[in-house]
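Chain by chain, the residues:
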Amino acid sequence: MAENQRPLNEVQFLTVAEVASVMRVSKMTVYRLVHSGHLPAIRVGRSFRVPEQAVHEYLRESYVGVEAG
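Residues numbered from 1 in each chain as written. Predicted model: local features only at pLDDT ≥ 70, side-chain atom pairs only at ≥ 80, totals over all residues. Heavy atoms only, no water.

The name an unreviewed UniProt entry gives the chain is Excisionase family DNA-binding protein, with Streptomyces anatolicus as the organism.

Rendered as structure tokens:
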């Protein structure tokens with residue numbers, strides 16, 4: 001198991017609406033990220049669940065810092 005992976009019983013999943021709220025974007029934007037492969041998700045029936053850690057990693061990787069100078 002990789003260092004940053006948790007056992008499945010400890011993984012917290014978020015709905016698309018919850019991810020949209022955390023990221024301050026529309027649900028359609030979340031669906032686009034899932035379908036494009038930028039945000040991993042699992043399918044539960046007809047809906048998607050996104051691992052909470054994946055949302056935080058996506059935001060961390062997408063962060064654009066402003067350099068002083």
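Still to come is the rest of the account.
A. Quick look at the overall build of the chain. Check the secondary structure of the chain and you find three helices and three strands. Entry remark: accessible area of the chain is about 5500 Å², with carbon and sulfur atoms responsible for 51%. (Helix = DSSP H or I, 4+ residues; strand = E, 2+ residues; numbered from the N terminus. Areas by Shrake-Rupley, 256 points an atom, 1.4 Å probe, with all protein chains shown as cover.)

B. Broad picture of the sheet that holds strand β3 (residues 47–51). Within the open sheet, the three strands sit side by side as β1-β3-β2. Their pairing is antiparallel. The sheet terminates laterally at β1 (13–15) and β2 (42–44), the two strands that pair on one side only. Put simply, the sheet's adjacent strands are angled 40° from each other on average, direction ignored. Pairing analysis gives three bridges linking β2 to β3, with the strands arranged antiparallel. Opposite I42, over in β3, you have R49 as the bridge partner. Against the sheet, helix α1 (residues 16–23) makes contact with β1 and β3, and its axis sits at roughly 90° relative to β1, the strand it touches most. (Pairing = 2+ DSSP bridges. Axes fitted to C-alpha atoms, helices over the stretch in contact; angles between N-to-C directions. Contact = heavy atoms within 4.5 Å.)

C. Inspection of the packing of aromatic side chains at higher detail. Applying the stated criterion across every chain yields a total of one aromatic pair. Here the aromatic rings of Y31 and F48 are separated by 6.3 Å at their centres, their planes lie at 65°, and the arrangement is edge-to-face. Of this pair, Y31 sits in helix α2 (residues 27–36) while F48 sits in strand β3, placing them 17 residues apart in sequence. (Phe/Tyr/Trp six-rings, centres within 6.5 Å; stacked < 30°, edge-to-face > 60°.)

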